[in-house]
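Spelled out, the chains give:
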Amino acid sequence: MEALCLLALTLGGIDSCQLAFVGNSRRFQIGQGGVPLRTVPAVEGVKSARDFYNYYDSSSHTGFEVANRSFVFLYRDLNQPDQLSMFWIHGFKGTAQGTGAVNGRISGIPNGTQIAQADDNSDEFDWTSTLDWSEARPTHGSPPASPYIAGRWWFVANTDGGAIDNLPMDTAWTLKVEAQFLEGINEWMYFFADGSSQELNSSLPLEITSFPPDPSVQNDTQPYPPPMTSATFCALAADARGDVLSYTFDWGDGSAPTTVNLLEGNLACADHLFCESGCGGKEPRNVTITAMSSVCNSTVSEIVATELANPPTPLPTPLPTPVPTPVPTPVPAVVTPAPGIVPTVPTLAPGSTSAPTLVPGSTNAPTLAPGSTNAPTLVPRSTDAPTLAPGSTRAPTLAPGSTDSPTLVPGSTSAPTLAPGSTNAPTLVPGSTNAPTLA
């Protein structure tokens, strides 16, 4: 949920019954534990921080106080000009507030900051040189030796707290506000200018961040809020007549405008949930605030947010298209038999270490038995298969024309050779380690 406080009218320099928008836009961010929560407006007025705190009878009287609540807010004095302050108030003036006790410390304080109001006095809210909780108490020092602010508050049926001012505008800084709620406080809130609040986690520090102005935005016009987000816009008008002013907030998204009627000098704020992109309104969409005085019959309008100020949406960087790695297609081995060879595949028995060779015209494949260590050779036209007896170390030879295959018995260490024209294959017995050769 986003909040922006954008317009202001000061009393000084304004003719009777003449409205005019002056001042400039301010955006601040609150977060906890390093996590941003939302962008917030400052409460705006034409009083100093001390006067707005309105301290008397041991209590603040801003009109925002609630029993058993501690709250923080930024405040702008538009007459100084644009003097920025931070308020931290605990409790409520009245019997609804019981006994309360709070320890607090503030760090990240920009140079030049001053203490505008100590509630009740500097013994409870002042500069300190340490952030150690056991020692972080007002010591009445000053920067740079004492760059922090400490609070030690105890109160009954009233408020305690303090305010700092002279925070620099349009510069980058982050205040860190930490609290120990010891008694009588059951909620910690950040207070918005429109009267709403952001609940805070009391176990985490509150971070308030100021941003430098955006050089791309002209005349303090802010970017149009994104779709489906809430934003708060504020305006303060004066016509030196003390009459009731009517503020109209035109959201530019096709929804009905919001009208706020307030006595002159009071900050007018309105919150709006912006509809989805393209749901209504004319492009470019604008947020326009109009202030009107019926007594003076005077009206003034100004665009405070526009789509023209929205930063362009960066185009995503295209990712490179992955190129698939080519998968090689397996090429099956093609065996081309020699001329005249019948493609019968010889079988090698287990343990064979040599391959039989078929000569041209062979019509059968020799089979080597297990353990064969040599290849049998068949001689031309051999008609029977020689048999090697156990222990033979020489291979039988079949004569040409032999039609049977030699058989090697177990233990043979030589292979028979098939001669040209052999039509049968020798068989190698187990243990043969060589392949028969066909002549």
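Structure: see above.
Described in the following lines is the structure provided in the data block. (Residues numbered from 1 in each chain as written. Predicted model: local features only at pLDDT ≥ 70, side-chain atom pairs only at ≥ 80, totals over all residues. Heavy atoms only, no water.)

Some points on the overall build of the chain
The line we're drawing: Here a strand is any run of E in DSSP of at least two residues, a helix any run of H or I of at least four, and the numbering for each starts at the N terminus. For every residue, the accessible area obtained with a 1.4 Å probe (protein chains only) is divided by the maximum for its type, and the residue is called buried under 20%, exposed over 50%, and partly exposed between those limits. For this analysis, residues touch if any pair of their heavy atoms sits within 4.5 Å. Per-residue accessibility takes into account occlusion by the displayed protein chains alone, with areas from the Shrake-Rupley method and a 1.4 Å probe.
Of the regular secondary structure elements, the chain holds 1 helix and 29 strands. Classification of the 439 residues of the chain by burial places 48% in the buried group. Excluding contacts between residues fewer than 6 apart, the proportion of contacts in the chain whose partners are at least 24 apart in sequence is 62%. When the accessible surface of the chain is summed, it comes to about 20,400 Å², and 55% of that surface belongs to carbon and sulfur atoms.

A short note on the sheet that holds strand 21 (residues 298-306)
Applicable threshold: Being paired, for any two strands, means DSSP has found at least two bridges between them.
If you trace the 5 strands from one edge of the open sheet to the other, you get 15-21-20-17-18, paired in mixed fashion. Looking along the sheet, the strands with just one partner apiece sit at the ends: strand 15 (222-223) and strand 18 (258-263). Inspection of the sheet shows strand 17 (residues 244-250) paired to strand 20 (residues 286-293) by 6 bridges, in the antiparallel sense. Pairing of S246 across the sheet is with M292, part of strand 20.

Points about the pairing of strand 9 (residues 148-156)
In the case of a regular strand, side chains alternate between the two sheet surfaces. Pairing of strand 6 (residues 99-107) with strand 9 involves 8 bridges; the strand directions are antiparallel. Paired with I106 across the bridge in strand 9 is I149. Bridge count for strand 8 (residues 125-128) against strand 9 is 4 bridges, and the pairing is antiparallel. Among the inter-strand pairings, T128 is bridged to a residue of strand 9, identified as Y148.

Side note on the nonpolar core
Cut-off, in case you're wondering: Residues belong to one nonpolar core when they are buried, are Ala, Val, Leu, Ile, Met, Phe, Trp, Tyr or Cys, and are joined through side-chain atoms within 4.5 Å.
With 32 residues, the main nonpolar core has M86, W88, I106, L175, Y190, L206 and I208 as its most contacted residues. Top element by residues in this core is strand 11 (residues 173-183). It accounts for 4 residues. Non-local contacts of M86, meaning those with residues more than four positions away in its chain, are made with V72, F73, L74, I106, G162, A163, I164, L167, L175, V177 and I208.

Topic: the sheet that holds strand 2 (residues 35-40)
Keep this limit in mind: An axis is simply a line fitted to the C-alpha atoms; with a helix, the fit covers only the stretch in contact. Between two such axes, the angle follows the N-to-C directions and lies from 0 to 180 degrees.
The strand order 2-1-14-11-6-9-8 describes an open sheet built from 7 strands, whose pairing is antiparallel. What marks the edges here is a single partner per strand, and that holds for strand 2 and strand 8. The average undirected angle you get between the axes of adjacent strands in this sheet is 20 degrees. As paired strands, strand 1 (residues 28-32) and strand 2 are joined by 5 bridges and run antiparallel to one another.

So, the packing of aromatic side chains
By convention here, two paired aromatic rings are described through the distance between centres and the angle between planes. Filter applied, for reference: When two rings of Phe, Tyr or Trp (its six-membered ring) have centres within 6.5 Å they constitute a pair, described as stacked for plane angles under 30 degrees, edge-to-face for angles over 60, and tilted for the intermediate range.
Counting across every chain of the model gives 21 aromatic pairs. Seen in terms of ring centroids, Y53 and F87 are 5.7 Å apart; in terms of plane orientation they differ by 25 degrees. Their pairing is stacked. With Y53 in helix 1 (residues 49-53) and F87 in strand 5 (residues 83-91), the pair connects residues that are 34 residues apart, well separated along the chain. The pair Y53 / F87 is uniform in exposure class, with both members buried. Taking 5.7 Å as the distance between ring centres and 50 degrees as the angle between the ring planes, the aromatic pair formed by Y190 and F192 counts as tilted.

Looking at unusual backbone geometry
Of the consecutive residues D119 and D120, the connecting peptide bond is found in the cis state with omega at 10 degrees. Tracing the sequence through the fold places D120 in the loop between strand 7 (114-119) and strand 8. Cis geometry marks the peptide bond from E283 to P284, where omega comes out at -5 degrees. Summarising the element assignment, P284 is placed in the loop between strand 19 (268-273) and strand 20.

What to know about the environment of T128
In plain terms, the rule: Think of a polar contact as two N or O atoms within 3.5 Å of one another; within protein, one of them needs to be a possible hydrogen donor and the other a possible acceptor, and neighboring residues in sequence only count if both atoms come from side chains.
Within the element layout of this structure, T128 appears in strand 8. A relative accessible area of 1% means that T128 is categorised as buried. Residues in contact with T128, not counting those within four places in the same chain, are E135, A136, R137, T139, S146, P147, Y148, I149 and A150. Here the side chain of T128 touches R137 through a polar contact of 3.1 Å, landing on its backbone oxygen.

That's the geometry; what it means functionally is another story.
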